[in-house]
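Spelled out from the first residue to the last, the chains are:
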Amino acid sequence: MNNIFNYDNGFFRAVNKIVDGFWASILWLVFSLPIVTLGASTTAFYYTVHKSLRGNRGYIWQSFWSAFKSNFKQTTKIWLILLAVFTFLFADQQITRQFLEQGSKLGMLYYFFLFLLLYWAVWCVYIFSYSARFENSLKHTMKNAAIISLLNLPWSILVLVLLLAGMLLIYVSPIAVTFIPAGVMCLYDMFLERIYRKYMTEDDLKKEQELDWEKHY
């Protein structure tokens, strides 16, 4: 009977994870509302999920706020660049859509720009998760994220599928925005970390192993 009220049992751990996921999703949503801060917020969100929600190290708020502050300058610059790229691609997609509806051969470019927009979304996921895990220059962060996403194309397709599925669920039920983002980010962390470890140095891998050991002991 005492095990039911033991905060170390599986039930309470599961409840704590759900609450932490809810809290992390709310933080991401609130800090993303100014739009211009979405890059820093998403980077902090991934860092928090990796370190606290899945890694069991530190607290949600402290992890989020620390990552948000430390990455704010560079990730905001990156996000503004990405936003400009999105604006250009979206405008071209809308223009070529008109050609497509008119039966013009130029309308086939609509699908090209649609593909680029979908890749843009995948690239964003890689950029901000990469920024959360590695320190690098703006140029190298964007370049490395693009290369890694292309070298791991099957996983990149899964990134897109999960992103679209999450967006659909939130569209159908807006209240899902309080927990779907954390769920999707946890899934991202599960396989993106395997990808990133392939590109880590031996020193980085040793540090990761030490953190894994501390988490279990």
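All figures in this text were calculated on a predicted structure; none of them were measured in a lab.

### Some words on helix H5 (residues 138-151)
With 14 residues, H5 should reach 20 Å at 1.5 Å per residue; the first-to-last C-alpha distance of 20 Å fits that figure. Of all the positions in H5, only Thr141, Met142, Asn144, Ala145, Ala146, Ile148 and Ser149 are classed as buried.

### Looking at the side chain of Thr43
Looking at where Thr43 falls in the secondary structure, it is placed in helix H2 (residues 38-53). At 2.9 Å, the side chain of Thr43 forms a polar contact with the backbone oxygen of Gly39. When neighbours within four sequence positions are excluded, Thr43 is seen to be in contact with Asn71, Thr75, Phe128, Ser131 and Ala132.

### What to know about the packing of aromatic side chains
Using the criterion set out here, one finds 20 aromatic pairs in the structure. Measuring from ring centre to ring centre gives 6.2 Å for Phe31 and Trp61, while their planes differ by 45 degrees; the resulting arrangement is tilted. In this pair, Phe31 sits in helix H1 (residues 10-32) while Trp61 sits in helix H3 (residues 60-101), placing the two residues 30 residues apart along the sequence. Look at Phe31 and you get buried, because its relative accessible area is 18%. Given the relative accessible area of 35%, Trp61 is considered partly exposed. A ring pair is formed by Tyr110 and Tyr111, whose centres lie 5.3 Å apart and whose planes are at 80 degrees; its orientation type is edge-to-face. Residue class for Tyr110 comes out buried when judged on its relative accessible area of 17%. For Tyr111, a relative accessible area of 46% gives the class partly exposed. A network of ring pairs unites the aromatic residues Phe31, Trp61, Phe64, Trp65, Phe68 and Phe72 as a single cluster.

### A few points about the pattern of salt bridges
Going through the model one piece at a time under the given rule, you end up with three salt bridges. Of the charged contacts, one joins Arg97 and Glu101 as a salt bridge, the two residues approaching to 3.5 Å between their closest N and O atoms. Linking Arg97 with Glu101, this pair stays in helix H3, spanning four residues, or about one helical turn.

### A word on the confidence of the model for the chain
Per-residue confidence for the chain gives a mean pLDDT of 90, with 90% of residues at or over 70. Every residue in residues 213-217 is under pLDDT 50, and counting partners more than four places away or in other chains gives three contacts.

About the cut-offs
- Residues numbered from 1 in each chain as written.
- Predicted model: local features only at pLDDT ≥ 70, side-chain atom pairs only at ≥ 80, totals over all residues.
- Heavy atoms only, no water.
- Helix = DSSP H or I, 4+ residues; strand = E, 2+ residues; numbered from the N terminus.
- Expected span 1.5 Å × (residues − 1).
- Buried < 20%, exposed > 50% of the residue type's maximum accessible area, 1.4 Å probe, protein only.
- Polar contact = N/O pair within 3.5 Å; in protein donor to acceptor, adjacent residues only side chain to side chain.
- Contact = heavy atoms within 4.5 Å.
- Phe/Tyr/Trp six-rings, centres within 6.5 Å; stacked < 30°, edge-to-face > 60°.
- Salt bridge = Lys/Arg side-chain N within 4 Å of Asp/Glu carboxyl O.
- pLDDT = per-residue confidence, 0-100.

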